[in-house]
Amino acid sequence: MKKTALYVYGAIIISLLLLFAFIRISSFHKIAFTISQPNLKVEVFRQFEGTKTEKVGEFTQATDLTLENGSYYYIASGENAAVKVTKFEVDRAQKIDVQPGFDQEYLASLLKSEQEALTAMIAKSNPRIDVYFNINNGKLFGIGDWYGTTLTSKQAEPNQPSDFYRVLMKKEGGQWKLLGKPKLIWSVPDHPEIPRDILSQLNKLDPTFVTTPASAGSPD
Amino acid sequence: MFESLQEYKRLLIIFGILFTLLLGGYGIFMAVTRAGKIEYTVNAVPSDATITLNGTKIQPGKYFLEPGYYTITAAKQGYTTHNEARYLTATLRPEINISLPPVSDEAKRWAKDNKTAYDDVAKLISTKTTVDKNRLAANNPITKKLPFQNYLYRIDYEPDPKDPKGEKIQLNIDAVTGQRTSALYIIRQLGYDPMDYRINFVDLTELF
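Residues numbered from 1 in each chain as written. Chains lettered and ligands numbered in written order. Predicted model: local features only at pLDDT ≥ 70, side-chain atom pairs only at ≥ 80, totals over all residues. Heavy atoms only, no water.

A. Main features of helix 4 (residues 180-189) of chain B. The buried fraction of helix 4 of chain B is high, at seven of ten residues. Regarding helix 4 of chain B, the residues found buried are Arg 180, Thr 181, Ser 182, Ala 183, Leu 184, Ile 186 and Ile 187 of chain B. (Buried < 20%, exposed > 50% of the residue type's maximum accessible area, 1.4 Å probe, protein only. Helix = DSSP H or I, 4+ residues; strand = E, 2+ residues; numbered from the N terminus.)

If you want it as structure tokens, here you go:
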């Protein structure tokens, strides 16, 4: 009798231990990090409730980390890299591509040599653009592979609000190409293929603050 | 007599079984052919307009349709042609309501004589709009602040015609020229990012 009870208790304890082990193991997931920007250092932190954080990894090349369910964030730093904190949740295995983009200063320096050609390309894309609109100097986004700018009406009164259009270009294989027609707004539902971050930066361009119209002669 | 009654009973049982089988078979057939489909009602005025659904000619009435993206057209000589393309989903009120505005004098006379028919479809359109808007409100908090209107523009919403689930909204901005950008700015001021929504600018001339 005692022996049987011992077996039963033993089986229960082993089952509970196995169950606990299973629950524990299944709360960890493989997160495959890739880095698609040169010279980056990536630091991964776990965010606990409140302000407590814990560094769980650091790497400079593609790395797999096994992380427990929870809230995390990573900071990528490096030469000319934009400082950006990116949050992510771990509840399943996933792939994360780290590309914070270049910082504004570096992007502006890259743009200097391309601005004129980009403006000319926009003007050439549609005859109406050059006739009715000023093509403003724009901004490079990402790693200098996206360019966005605004078009303001030549008929607009200086102190009156007027509609302006946004133009988006992408560099592929070293060649710039225009994406679609100029739009008042580039929405996520209309362009699910374009990274949200790029759309966000494009839609925040404000010609009031950007620059002198490029077609009217840039002060640069 | 007894024998014929027995035979009659047997015959009755056989017919009963056959009838049940047929009924069951019909039920299974209908369930299989209608599985996953939505019963949509098509209403139109004038009711004899040529209506097409994805190119197939139909008439006003009830149809069991697969959820999906449909092109709906309705035309009749003397009336403005109706064209729309949208997802038909189970989430929204399952109706296609078409009202063709009269253009020719003859059509205008007909519309005047059949005002009740126009009013009936207008009521259906209004009810569908209200029901759909209420259903969309739960998933789209911005709807609590809409419609937003001032003397320069009006911002309202409707179901996003390109959302397969019928849960998202499309913002309609009806603004005077030069004020569309201001309307977008106001959406940000309301605490929402306009780029999260499909936006339809009413009467926007294609410039490019």
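B. Up close: the interface of chain A and chain B. Residue-level contacts link 23 residues of chain A with 20 residues of chain B. Summed over both sides, the interface between chain A and chain B buries roughly 1900 Å², with carbon and sulfur atoms accounting for 58% of that surface. Between Arg 196 of chain A and Asp 196 of chain B there is a salt bridge, with its nearest N and O atoms 2.7 Å apart. Where chain A meets chain B, there are eleven residue pairs in polar contact (both at pLDDT 80 or more). The set of elements that each furnish at least two residues to the side of chain A that touches chain B consists of helix 4 (127-132), strand 11 (164-172) and helix 5 (196-203) of chain A. Among the elements that make up the side of chain A that touches chain B, the one with the highest residue count is helix 5 of chain A (four residues). Looking at the side of chain A that touches chain B, its residues break down into 13 nonpolar, five polar and five charged. (Contact = heavy atoms within 4.5 Å. Buried area = accessible area lost by both parts, 1.4 Å probe. Salt bridge = Lys/Arg side-chain N within 4 Å of Asp/Glu carboxyl O. Polar contact = N/O pair within 3.5 Å; in protein donor to acceptor, adjacent residues only side chain to side chain. Nonpolar A, V, L, I, M, F, W, Y, C, P; charged D, E, K, R; others polar.)

C. Representation of unusual backbone geometry. In this structure, Pro 46 of chain B follows Val 45 of chain B across a cis peptide bond, with omega equal to -5°. The topology assignment puts Pro 46 of chain B in the loop between strand 1 (38-45) and strand 2 (50-53). Following Leu 146 of chain B, the chain continues to Pro 147 of chain B via a peptide bond in cis, the omega torsion being 0°. Relative to the helices and strands, Pro 147 of chain B resides in the loop between helix 3 (115-137) and strand 8 (148-149). You will see that Asn 80 of chain A, though not glycine, has its phi angle at about 65°, which is positive. Structurally, the position occupied by Asn 80 of chain A is in the loop between strand 5 (70-78) and strand 6 (84-90). Positive phi values are uncommon outside glycine, yet Asp 203 of chain B reaches one of about 60°.

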